[in-house]
Amino acid sequence: MFCHQCQETMKNTGCSMKQGMCGKTAEVANLQDLFVWGLKGVSVWGVKAKEFGIYDNEAGFFIDKGLFSTITNANFDREDFIGFIKKGIDIRDRLKDEFLKAYKQKNGTNFSLPVPECATWVPADDKDLLAKADSGAGGWLEIEDEDERSLKALVLYGLKGISAYAEHAYQITKSCREIFEFLMEALATLVDETKSQDDLFALVLKTGEMGVKTMALLDDANTTAYGNPEITQVNIGVGKNPGILVTGHDLVDLEDLLEQTKDQGIDVYTHSEMLPAHYYPKLKQYSHLFGNYGNAWWLQKEEMAKFNGPVLFTSNCLVPTKAAYKDKLFTTGAVGFDGTPHIPDREEGGKKDFSAIIKMAKTCDPPEELETGQITGGFGHNQVMALADKIIEAVKSGAIKRFIVMGGCDGRQKNREYYTQVAKALPKDAVILTAGCAKYKYIKLDLGDIGGIPRVLDAGQCNDCYSLAVVAMELQKAFGLEDINDLPISFDIAWYEQKAVLVLLALLSLGLKGIRLGPTLPGFLSPGIANALVEKFDIKPITTPEEDVAAMMAGN
Ligand code: FSO
Ligand code: SF4
């Protein structure tokens, strides 16, 4: 195996032993590489078919959900990937046949140009499939040039981020054609030997642009379905009823579960990235959406053991466990874990069936109390703009000197305490804008407010970094600034997995410069590509909290 897609990769270089730092086995890592290689094969034919006006939505969604399932901490199930690889070959060959037919119809001859191996490979049997995976087919080590590997990794990880956000949007909109077609175009480019490094660099930027579009689509889907997030106090204590804990990012799953648990004597709790569900008017109407339990994903082993009730994973981050509470885990969507029951997808127009979870919850004790109090959040772009007059006045009067965007991910590594220290060290006239599970490093600190505006404004999930970008663009307009970088705003982004890579590319595509990225720069960036990003976008590594706070407050 060789995997370097997340921030916790071994020695910031790559996980290459029997198992990754996240618990992914070498076998699953190799199967994921082979599966993504197969998705490139589907895409090769998808791009060609497009020239003949052929669009296959099933193939598009399969690619999207497939990429999502290979994101860090999503699916650890070897059987799933073996099945996905075979299904990918079926879909690929169907698309290929459609293209070949259309080609012959138009040209009168058979298509005979060469295509990459991923577009034609068929395993003789399961043994052959496993041997191919074991050989490292489709893995990064097949690419010799480190800059090419680095650019292709930036693109692929950005695409994985797009696929996650598009999959959530698709559950609401049922239409993501432009995004699915882009995934195919980009994946096919990754196996196109004629492309230069300049082409790949351009594709990195285009991935960022599509990231903005995808996050905008998800924002529109969420706010249309559930209303605009509004200021909300979320209980972090526990009640007396048995509970179901819902984690991940899929709001539709949560809504289905809330409907099915009405008047059942069960409380539903959010966990980690599901916290922002409380901010949506339509979801907070459910009185049994009780509160938020625990912290960011990486503390789940300790915290879920104390929850007592079943836990539903609607997306990453899942930490593999053999602990007693393993028997209470359920997965759905792109998540999977060997031996853990998986709630199937909803039928067209239907709901997912959560009865097994509900039945289990009724036999469980109420959750053990971890803490008491509340978290305040709900500062999506609509809510922040409703406060715009107050905010602009505070900036003009000097009461707010600077905004610091600290969105992104949380993680296990000790050095992430930097983010708590930055939050504490920022002067009282600085406001933190946040989104994603990075917030757990400071959302429970009492940092006070500025004239009634809290000093930590939580927009929502990591995809809601889009909301923070919208706020920045609105403030730029309000202050009549030519360049968004002239705003009194600094970016101190924490990354962990591939959605955060996409968020970074999206922010770069909006023209934002001088972003700090930590706790480490991605291990998949070669020195050459890291330098190119520094030169073009002035990306900075983090230093010490004191130094960075001083620099950001001075506008650097
Ligand atoms: Fe966190 Fe995990 Fe939202 Fe990520 S829960 S780390 S960027 O999956 O998706 O912020
Ligand atoms: Fe290693 Fe991260 Fe890949 Fe897991 S996802 S194998 S921790 S690089």
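Here is a short report on the structure shown in this document. (Residues numbered from 1 in each chain as written. Chains lettered and ligands numbered in written order. Predicted model: local features only at pLDDT ≥ 70, side-chain atom pairs only at ≥ 80, totals over all residues. Heavy atoms only, no water.)

Read from one edge of the open sheet, six strands run S4-S3-S2-S5-S6-S7, paired in parallel fashion. Each edge of the open sheet is held by one strand with a lone partner, namely strand S4 (289–292) and strand S7 (342–343). In this structure, strand S2 (residues 243–247) lies alongside strand S5 (residues 311–313), joined through three bridges in parallel fashion. Bridging from a neighbouring strand, Val 246 pairs with Leu 312 of S5. Relative to S2, helix H10 (residues 300–307) is tilted by about 155°, and along the sheet it contacts S2, strand S3 (267–270) and S5. (Pairing = 2+ DSSP bridges. Helix = DSSP H or I, 4+ residues; strand = E, 2+ residues; numbered from the N terminus. Contact = heavy atoms within 4.5 Å. Axes fitted to C-alpha atoms, helices over the stretch in contact; angles between N-to-C directions.)

Below, the discussion takes up the site of ligand 2. Lining the immediate surroundings of ligand 2 are Met 1, Cys 3, His 4, Gln 5, Cys 6, Thr 9, Cys 15, Gly 20, Met 21, Cys 22, Lys 24 and Thr 72. Along the lines of polarity and charge, the residues of the shell around ligand 2 split into six nonpolar, five polar and one charged. (Near = heavy atom within 4 Å. Nonpolar A, V, L, I, M, F, W, Y, C, P; charged D, E, K, R; others polar.)

Looking at ligand 1, the residues that line it are His 249, Glu 273, Trp 297, Asn 316, Cys 317, Gly 408, Cys 409, Cys 437, Cys 462, Tyr 496, Glu 497 and Lys 499. Within the contact set of ligand 1, an oxygen atom lies 2.3 Å away from a side-chain nitrogen or oxygen of Glu 497. Considered class by class, the residues forming the shell around ligand 1 number six nonpolar, three polar and three charged. Of the residues that make up the shell around ligand 1, three or more belong to each of domain 2 (232–361) and domain 3 (379–553). (Polar contact = N/O pair within 3.5 Å; in protein donor to acceptor, adjacent residues only side chain to side chain. Domains from an automatic or database assignment.)

Considering soluble globular proteins, one finds that nonpolar side chains tend to be buried as a cluster. Counting residues in hydrophobic clusters, the biggest one holds 152 residues, and the most contacted among them are Leu 67, Leu 154, Leu 159, Phe 403 and Leu 426. Here this core gets twelve residues from one element, more than from any other, and that element is helix H5 (residues 146–173). Leaving out residues up to four positions away in the same chain, Leu 154 has contacts with Val 204, Val 501, Leu 505, Phe 524, Leu 525, Ile 529 and Leu 533. Residues Ala 277, Tyr 280, Ile 343 and Phe 354 belong to the second largest nonpolar core, which totals 23 residues. (Core = buried A, V, L, I, M, F, W, Y, C linked by side-chain atoms within 4.5 Å. Buried < 20%, exposed > 50% of the residue type's maximum accessible area, 1.4 Å probe, protein only.)

Moving on: the side chain of Asp 458. By secondary structure assignment, the location of Asp 458 is in strand S13 (residues 456–458). Of the polar contacts made by the side chain of Asp 458, one reaches the side chain of Lys 439; its length is 3.5 Å. The contact partners of Asp 458, leaving out residues within four places of it in the chain, are Leu 275, Tyr 279, Gly 377, Gly 378, Phe 379, Thr 434, Ala 435, Lys 439 and Ile 443.

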